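# Structural features, examined
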Amino acid sequence: MINYQQFTLDNGLNVIVHEDLGSQIAVVNILYKVGSKNEVRGKTGLAHFFEHLMFGSSKNVPVFDTALERVGGSCNAFTNTDYTNYYITLPAVNLETAFWLESDRMFQLTLQEKTIETQRKVVIEEYKQRYLNQPYGNVLHLTRGLAYDVHPYQWPTIGRDIQDIVDYTQADVEAFYRTHYRPDNAILVVAGGVKTADVQRLAEKWFGEIPAGNIKKADIPREPSQTKKKIKTVYADVPSDALYKVYHVPGKLEEGFLQADLITDVMGFGKSSILERQLVQKGHVFSSVENYVTGTSDPGLMVFSGKMEKGQTAEQAEEALDKVVGAFLQNGFPDQFLEKINNQAEAGLAYDQIQLIGRAMNLAYFAYLGHPDLYIREFERKKNIPIDSIMSWAKNILKEENSSVIYYKSNN
Amino acid sequence: MLDRSQAPAFQIPDSIQLLHPEVRLLPNGIPVHFIPTPEIQIIRMEICVSASLDNLLVEKRFIPFFTLEMLVEGTKTKSSEEIADFFDTYAAEVDTSIGFEFLQINLTSTKKHFLKVLPVFRELLTDAVFPEQELAKKKRQKSLQLSVNRGKTSYWASQLFKREMFGADHPFGQISVAEDVDSVQREDLIRYYENHLWNKPQIFLTGNVGNEEIEAIGELLGDLTVRSISPVESKFVNKPNHRVYEEKKDSVQSTIRIGCHVVPNSHPDHLPFWVMNTLLGGYFGSRLSKNIREDKGHTYGIYSAVGSLSSSDYWMVAADVIKAHSEEVFIEIYREVERIKHEPIPTDELETLRNYMAGKLLSQFNSSFEMISRFKSVHLSGLDFGYYQRQLEYILSFKENDIRNVAKKYLDPSKFVEILVG
């Protein structure tokens, strides 16, 4: 679906080129295979914090974004549990500047104290803005913390608490850089008005001399199977109760993930989905409901969440939810749902074609999972999963002992 | 050995490739502007109508909102459930949006199913019945959402800002609170739907649209009864500087808004003001961002922006900041305003600004979907598509002096509205 060519440099950097010669723009997207799952207790949030430091200075570039803005470019980045992704958009004629900048910060980031201290403050404000100064803002912390006992998915990417951000040392960030920001731990995607031969030449020129890390990654503890339902009740000054019920599901490429994904398509996708219809439109307990899988590379979560109508409790909501889930497990779902899901998936593929940056990120993400072609292969695989396989996984996943529940209760 | 200290050579783009939309008039006079993009198998159609909010009573402010929300909740021949099943099955989406001056009803569909979903989409526009039960649920949902928003300092500061800027008695300045939802009645929606909604509609279309689709649109939307109600001209004037402060004890941050009214985008001072705003707070390398975030670390983000209205634009600075430093941030914002008015802009900074803006402009025209949306925004404010070429020419040629002068002329702190919540 997305045309591309790929090659690998001697130092292990995986380079993917997507030519779109009608475009005057180029996108340079670099994915580092490090996320919050590579963190340890006491130093949580470091992957995301480090993303901020990458916009400081490197040996030959005093300020990353000024150097990029000077050639008409702009940039941003995000970090999640599994990886960190940086992207630049700039006029295609200035492609080489992006190579200069990205290679310099991979090769010799300076990690100055001033940058570290200012970004520490900025990230603490980000933590407050997104997770503390919002009604229900800490719910990601609560659900992950309850559902996972040993896996680092137990804290969100921003970090477990502000104290961890306060405590990072210069040595921590330097070690993090040396360990993870190496060419053999990265995927570079160049897309837009660019030619593969030029990209190849520029990649060799700018990234070729950066030594490989050859660093063995620390093992990430695998979450043991959950054997008993977990419950936590919290109170906050919010206008109504909210319910979060999560179940463990397989990782993105593991057996059963696509079935889990299909369960949420049936249960939670769109206004015609089972939950929306039974709980929101026909019910009076839920004001809104959501159902999705986190889609992480290690085993993730199937999330059911909702806000209650005023005066209705989270406990009542769970009962209503369980009833609908129970009926689903008992009766399955009509065949027409599959036609709907396939049409939705096809439309999704078509939407993905619209934005150049979306195509670039897709290539990087599926290359991270193992191969750019997984994008289309997973689509095909999902289309051919029969109903009985979905239902047998549903029975496997949607068990009380596999669930964790947060009753997020209103003080009012 | 590669000399990494040498930045690669670069060029700054001096033209944008604009795909001018074709336009066709439907029998009822609705213009359809479209950019065919055969390689994308999606079709997006936006129907834009002029809001005639002016004559709505303050307590009925939610009528347009609920009218749009309820379009998919039942027609003469289909229930809410049947409509949801239908659109979801064909992976088509109906979404609506509501702004100060325009309302939108949009249809997104694959090319494969467009002709099948279009007739049902038409039903929403002509045969909606606004059932009571669905309306009651929507009202409860909206009311809860407003209560949740009330707890957000940024949301509340934006509401107070609107009120101070446009006035509590003007539709733009009304604060949305949960209690106002209660007064909305089914009859209000029907009246609005029948008499006000289809006001000067225009259609913007892109994706793989061919003759067949254009003809179907003509057939199905060409007989809609449309109106032409002109909105009452609004004139906004800046009032003497005043601050509205609302304390929120349990809040861990404070939200700041500062702003004033400025000239509309048809005015000769608009382009210099737009460039000046970018320098001050319109991009990551801007002075506010460099000072308050990158130097002092008092915020995760601070920006300034220009909002567009037909009679005038408005300018605003926004940030969520460390509570203890909110006064300092106010002082620093004012300091940056004064610096722009009185100090020369360093050559380096000027070059970065110019080049950044040129590149950014270029990147905003990279797909037909972006192209039609840029076209829509200038077209609706009465300008032509050449506006963007003029923007680029201005970016490449403006003088440092122009920026200083426009700042002096329009950024007068004695006429700013200040909001602080938290």
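Residues numbered from 1 in each chain as written. Chains lettered and ligands numbered in written order. Predicted model: local features only at pLDDT ≥ 70, side-chain atom pairs only at ≥ 80, totals over all residues. Heavy atoms only, no water.

Per an unreviewed UniProt entry, chain A carries the name Zinc protease and comes from Mariniradius saccharolyticus AK6.

## Focus: the overall build of chain B
Note the following rule: Under the DSSP-based scheme used, a helix requires at least four consecutive residues in state H or I and a strand at least two consecutive residues in state E, with every element numbered from the N terminus. Each radius of gyration is computed over the set of C-alpha atoms, and the globule rule expresses the reference value as 2.2 Å times the number of residues to the power 0.38. Buried, partly exposed and exposed residues are distinguished by accessible area as a fraction of the type maximum, computed with a 1.4 Å probe on protein chains only: under 20%, between the cut-offs, and over 50%, respectively. Residues are treated as being in contact if the distance between any of their heavy atoms lies within 4.5 Å. Residue burial considers only the protein chains on display, and all accessible areas are found by Shrake-Rupley using a 1.4 Å probe.
Looking only at helices and strands, chain B has 15 helices and 11 strands in total. Whereas a compact globule of 422 residues would reach a radius of gyration of roughly 22 Å, chain B reaches 24 Å, a difference of no more than 12%. Along the three orthogonal principal directions, the C-alpha set of chain B runs to about 65 × 55 × 45 Å. Across the 422 residues that make up chain B, the buried fraction comes to 59%. Across chain B, every contact between residues at least 6 apart in sequence was considered, and the portion connecting residues at least 24 apart equals 81%. A total accessible area of about 17,000 Å² is found for chain B, and carbon and sulfur atoms account for 51% of it.

## Re the sheet that holds strand β10 (residues 313-322) of chain B
Residue and element names in this part refer to chain B. Quick reminder of the rule: Being paired, for any two strands, means DSSP has found at least two bridges between them. With axes taken as lines fitted to C-alpha atoms, and helix axes fitted only over the stretch in contact, angles between N-to-C directions fall between 0 and 180 degrees.
Spatially, β7-β11-β8-β10-β9 is the arrangement adopted by the five strands of the open sheet, whose pairing is mixed. At either margin of the open sheet sits one strand with a lone partner, and together these are β7 (242-246) and β9 (299-308). Adjacent strand axes in the sheet meet at a mean angle of 15° when their direction is disregarded. Bridge count for β7 against strand β11 (residues 417-421) is five bridges, and the pairing is parallel. Among the inter-strand pairings, Tyr245 is bridged to a residue of β11, identified as Leu420. Contacting β9 and β10, helix α10 (residues 287-295) crosses the sheet at an angle of about 160° to β9.

## Observations concerning unusual backbone geometry
One non-glycine residue, Asn214 of chain A, lies in positive phi territory at about 45°. Turning to its location among the elements, Asn214 of chain A is positioned in the loop between α8 (196-207) and β7 (230-236). Unusually for a residue other than glycine, Phe130 of chain B sits at a positive phi of about 55°. Along the polypeptide, Phe130 of chain B turns up in the loop between α3 (111-126) and α4 (132-150). Phe130 of chain B sits in the buried class, given a relative accessible area of 0%.

## A short note on the sheet that holds strand β9 (residues 286-293) of chain A
All names here are of chain A. The strand order β7-β11-β8-β10-β9 describes an open sheet built from five strands, whose pairing is mixed. Strands with a single pairing partner mark the edges of an open sheet, and in this sheet they are β7 and β9. Neighbour to neighbour, the strand axes of the sheet diverge by 15° on average, direction disregarded. Those strands touched by helix α5 (residues 139-147) are β7, β8 (242-249), β10 (300-308) and β11 (403-410), and its axis lies near 150° from that of β11.

## A few points about α8 of chain A
Residue and element names in this part refer to chain A. So the rule is basically this: To estimate how far a helix should extend, the number of its residues minus one is multiplied by 1.5 Å. Comment: arc refers to directions from the helix axis out to C-beta atoms.
Over its 12 residues, α8 extends 16 Å from the first C-alpha to the last, a length consistent with the 16 Å expected when each residue adds 1.5 Å. All of the buried residues in α8 are Thr196, Val199, Leu202, Ala203, Trp206 and Phe207. Summarising the axial view, the buried residues of α8 lie within an arc of 125°, below the 170-degree limit, and thus occupy one face. Against the buried residues of α8 lie β1 (5-8), β2 (14-19), β3 (25-32), α3 (95-107) and β6 (186-192).

## A look at the UniProt feature "domain: Peptidase M16 C-terminal" (unreviewed entry) in chain A
Put simply, the test is: UniProt positions are given in the numbering used here, feature names are shortened, and annotations may be inferred rather than shown by experiment.
Here the UniProt feature "domain: Peptidase M16 C-terminal" (unreviewed entry) sits at residues 169-344 of chain A. Secondary structure across residues 169-344 of chain A divides into 40% helix and 22% strand, with the first and last C-alpha atoms of the span separated by 47 Å.

## Here we look at the layout of surface pockets
Residues and elements named next belong to chain B. Inclusion rule: Here a cavity denotes a set of grid points, spaced 1 Å apart and computed over the protein atoms alone, in which a 1.4 Å probe fits but from which it cannot get out, and a pocket denotes an open set meeting protein on both sides within 12 Å along at least five of seven lines; residues with an atom within 4 Å of a point are reported as lining. Grid points are joined across faces, edges and corners, and a volume is the space filled by probe spheres set on the points.
In this structure, the second largest pocket occupies an estimated 1,100 Å³ of space. If you go around the second largest pocket, you meet 39 residues; those closest to its centre are Val306, Ser308, Arg374, Ser377 and Tyr388. Secondary-structure elements contributing two or more residues to the lining of the second largest pocket are β4 (93-98), β5 (102-110), α9 (270-282), β9, β10, α12 (347-363), α13 (368-380) and α14 (386-397). Ranked by residue count, the leading element in the lining of the second largest pocket is α13, at six residues.

## Comments concerning the interface of chain B and chain A
The extent of an interface is frequently quoted as the accessible surface area lost upon association of the parts. What counts, and what does not: Put simply, buried area is the surface a 1.4 Å probe can reach on two separate parts but cannot reach once they are joined, added for both. We count a salt bridge whenever a side-chain nitrogen from Lys or Arg sits within 4 Å of a carboxyl oxygen from Asp or Glu. We define a polar contact as two N or O atoms separated by no more than 3.5 Å, with the added condition that, inside protein, one atom must be a possible hydrogen donor and the other a possible acceptor, whereas residues neighbouring each other in sequence contribute only through side-chain atom pairs. Note on residue classes: Ala, Val, Leu, Ile, Met, Phe, Trp, Tyr, Cys and Pro are nonpolar, Asp, Glu, Lys and Arg are charged, and everything else, Gly too, is polar.
Listed per partner, the contact involves 74 residues of chain B and 77 residues of chain A. Contact between chain B and chain A buries roughly 6,200 Å² in total, counting both sides, with carbon and sulfur atoms accounting for 52%. Connecting chain B to chain A are 11 salt bridges. Our count for the contact surface shared by chain B and chain A stands at 37 residue pairs in polar contact (both at pLDDT 80 or more). For the side of chain B that touches chain A, the class distribution of residues is 26 nonpolar, 29 polar and 19 charged.

## With respect to the UniProt feature "domain: Peptidase M16 N-terminal" (unreviewed entry) in chain A
As annotated by UniProt and renumbered to match this structure, "domain: Peptidase M16 N-terminal" (unreviewed entry) occupies residues 16-129 of chain A. Annotated as residues 16-129 of chain A, this span is 39% helix and 23% strand, and its ends, taken at the C-alpha atoms, are 36 Å apart.

## A look at the packing of α9 of chain B against α14 of chain B
Residues and elements named next belong to chain B. Quick note on the threshold: For classification purposes, an angle smaller than 35 degrees is called roughly parallel, one larger than 145 roughly antiparallel, one from 65 to 115 roughly perpendicular, and anything else oblique. For a crossing to be left-handed, the near helix must be turned anticlockwise from the far one by less than a right angle; the clockwise case is right-handed.
The interhelical angle for the contact between α9 and α14, taken along N-to-C directions, is 60°, at an axis separation of 10 Å. One way to sum up the angle between α9 and α14 is to call them oblique. The two elements α9 and α14 cross, and the hand of that crossing is right-handed. Residues His270, Leu271, Pro272, Trp274 and Val275 of α9 touch α14, and the partners they reach there are Tyr387, Arg390, Gln391, Tyr394 and Ile395. The residue inventory of the contact of α9 with α14, partitioned by class, reads seven nonpolar, two polar and one charged.

## Here's the deal with the pattern of salt bridges
One pass over the structure, following the stated rule, counts 60 salt bridges over all chains. Across the salt bridge formed by Arg359 of chain A and Asp20 of chain A, the nearest N and O atoms sit 3.1 Å from each other. Linking Arg359 of chain A in helix α13 (residues 356-369) with Asp20 of chain A in the loop between β2 and β3, this pair joins segments that are 339 residues apart in sequence. A salt bridge links Glu123 of chain B to Lys78 of chain B; the shortest N-O distance between them is 2.7 Å. In this pair, Glu123 of chain B is assigned in helix α3 and Lys78 of chain B in the loop between α1 (63-69) and α2 (80-89), connecting sequence segments 45 residues apart. Looking at Lys78 of chain B, the relative accessible area reads 22%, which means it is partly exposed.

## Comments concerning the nonpolar core
Put simply, the rule reads: We call a set of buried Ala, Val, Leu, Ile, Met, Phe, Trp, Tyr and Cys residues a nonpolar core when their side-chain atoms join them within 4.5 Å. As used throughout, domain bounds are those supplied by an automatic or database domain assignment.
Counting 82 residues, the largest nonpolar core has Ile258, Trp315 and Leu411 of chain B as the members making the most contacts within it. Counting residues per element, this core draws most heavily on α13 of chain A, which supplies nine residues. Built from parts of two domains, this core gets at least three residues from each of domain 1 (5-207) and domain 2 (230-410) of chain A. Discounting residues that sit within four places of it in the chain, Ile258 of chain B has contacts with Phe161, Trp315, Met316, Val317, Phe330, Ile333, Tyr334, Phe416, Val417 and Glu418 of chain B.

## Examining the domain arrangement of chain A
Residues and elements named next belong to chain A. What the domain assignment lists for chain A is domain 1 (5-207) and domain 2 (230-410). Computed over C-alpha atoms only, the centres of domain 1 and domain 2 are separated by 29 Å. Each partner contributes to the interface: domain 1 provides 36 residues, whereas domain 2 provides 34 residues. Here domain 1 meets domain 2 over a buried area of about 2,900 Å², counting both sides, of which 72% is carbon and sulfur. At the boundary of domain 1 with domain 2, the tally comes to two salt bridges. Notably, a salt bridge pairs Asp149 with Lys230, separated by 3.1 Å at the nearest N-O pair. In this assembly, domain 1 and domain 2 are joined by 14 residue pairs in polar contact (both at pLDDT 80 or more).

## Some thoughts on the packing of α12 of chain B against α14 of chain B
Residue and element names in this part refer to chain B. At a minimum axis distance of 9 Å, the contact between α12 and α14 shows a crossing angle of 160°. Judged by the angle between their axes, α12 and α14 are roughly antiparallel. The interaxial crossing formed by α12 with α14 has left-handed handedness. Contact residues: Arg354, Met357, Ala358 and Leu361 in α12; Tyr388, Gln391, Leu392, Ile395, Leu396 and Ser397 in α14.

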